[in-house]
Structure formats: C-alpha cells, structure tokens
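A look at the structure
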Amino acid sequence: MTTTATTTTTTDPQRTPAPDTPERTGARTEEAAGTIAGARERIDALDDRIIGLVQERIAVSAVIQQTRIASISRVNLSREMEVLDHFRGALGKPGTALAMTLLELCRGRI
C-alpha cells in the first residue's frame, strides 16, 4: 500500500511569507532564497537612491527653467538632444526612453 502526502497551501492575505523563503522568492532552496532576498534589499536601496537623485534633478531643473523663462524660453532642444544622446550612448535604446521620462519629469510635457 502506498501513502501519498498532500500539501495544502492557503492564500490567507494575513499570512505573508518571510522575505527570504523559497515560497516568497520563487527560489528552489533556502540558500538561493537568501541570495535573492539580499539582492532584492540592495535593489530596493538602489531604487531609493535613484528616486532621491531624480527628485534632486527635478529641483535643479526647476531653477534652470525659471531662469530660462525669465530670459529666453522654457525648453532648450539642443540641450535635450545632448541628454538623450548621453543616455542612449550609455544604456542603448532603453536609455533614450529613460532620458525622455526624466526630461518629462523635470520640465513637463512640451
């Protein structure tokens, strides 16, 4: 006679698995789960720094825009092309999309 073990999983929203468990990370082992959890913590810290830098860039851009509006115009397209080229050169085609997003965040839509 063969006995089959069954595992029942619940989807209780009150029960969130610990961040370093295979269940939470999709890893196959506890060791891999720990590695993934550590890397995710690092990514979260990097994301926080990136957000802070973007907010700082927005503030600096606001100063430039206020000065430009008072003297010329709000947007300098040749400067924006330099920014796009810089990001594209460093990150490839996705860099262009990232630069466009940053420009829009900093100066609004044109």
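Just so it is clear, the structure is predicted and the values come from calculations on it, not from any experiment.

As for the confidence of the model for the protein chain
- Mean pLDDT over the protein chain: 83, with 81% of residues reaching 70 or higher.
- Low pLDDT (under 50) marks residues 1–11, which in the prediction has zero contacts with non-local residues, meaning those over four places away or in another chain.

Thoughts on the layout of surface pockets
- The computed volume of the largest pocket comes to approximately 320 Å³.
- The wall of the largest pocket is formed by 15 residues, among which Arg57, Ser61, Ile64, Arg79 and Leu103 lie closest to the centre.
- Where the lining of the largest pocket is concerned, the elements lending two or more residues are helix H2 (30–71), helix H3 (77–91) and helix H4 (93–107).
- Of the residues forming the lining of the largest pocket, the biggest block, six residues, is contributed by H2.

Details of the environment of leucine 103
- Mapped onto the secondary structure, leucine 103 falls in helix H4.
- Linking leucine 103 and leucine 84, residues 19 residues apart in sequence, is a C-alpha distance of 9.0 Å.
- Apart from residues no more than four positions distant in its own chain, leucine 103 is found in contact with Arg57, Glu80, Val83, Leu84 and Gly108.

Concerning the pattern of salt bridges
- Throughout the structure, instances matching the rule amount to three salt bridges.
- Of the charged contacts, one joins arginine 79 and glutamate 82 as a salt bridge, the two residues approaching to 3.2 Å between their closest N and O atoms. With arginine 79 and glutamate 82 both in helix H3 and three residues apart, this pair spans about one turn of that helix.
- What makes arginine 79 partly exposed here is its relative accessible area of 46%.
- Residue classification places glutamate 82 among the partly exposed positions, given a relative accessible area of 47%.
- A salt bridge links arginine 107 to glutamate 80; the shortest N-O distance between them is 2.6 Å. Pair noted here: arginine 107 is in helix H4 and glutamate 80 is in helix H3, with a separation of 27 residues, a long-range link.

Here we look at a negative patch on the surface
- Together, Glu41, Asp44, Asp47 and Asp48 line one region of the surface with negative charge.
- Along the polypeptide, glutamate 41 turns up in helix H2.

Analysis parameters
Residues numbered from 1 in each chain as written. Predicted model: local features only at pLDDT ≥ 70, side-chain atom pairs only at ≥ 80, totals over all residues. Heavy atoms only, no water. pLDDT = per-residue confidence, 0-100. Contact = heavy atoms within 4.5 Å. 1 Å grid on protein atoms, 1.4 Å probe; cavity = no way out; pocket = protein on both sides within 12 Å on 5 of 7 lines; lining within 4 Å. Points joined across faces, edges and corners; volume = space filled by probe spheres on them. Helix = DSSP H or I, 4+ residues; strand = E, 2+ residues; numbered from the N terminus. Salt bridge = Lys/Arg side-chain N within 4 Å of Asp/Glu carboxyl O. Buried < 20%, exposed > 50% of the residue type's maximum accessible area, 1.4 Å probe, protein only. Patch = residues over 30% accessible without salt bridge, like charges linked within 9 Å, V, L, I, M, F, W, Y side chains within 5 Å. Areas by Shrake-Rupley, 256 points an atom, 1.4 Å probe, with all protein chains shown as cover. Lys, Arg positive; Asp, Glu negative; His and termini not counted. Charge placed at Lys NZ, Arg CZ, Asp CG, Glu CD.

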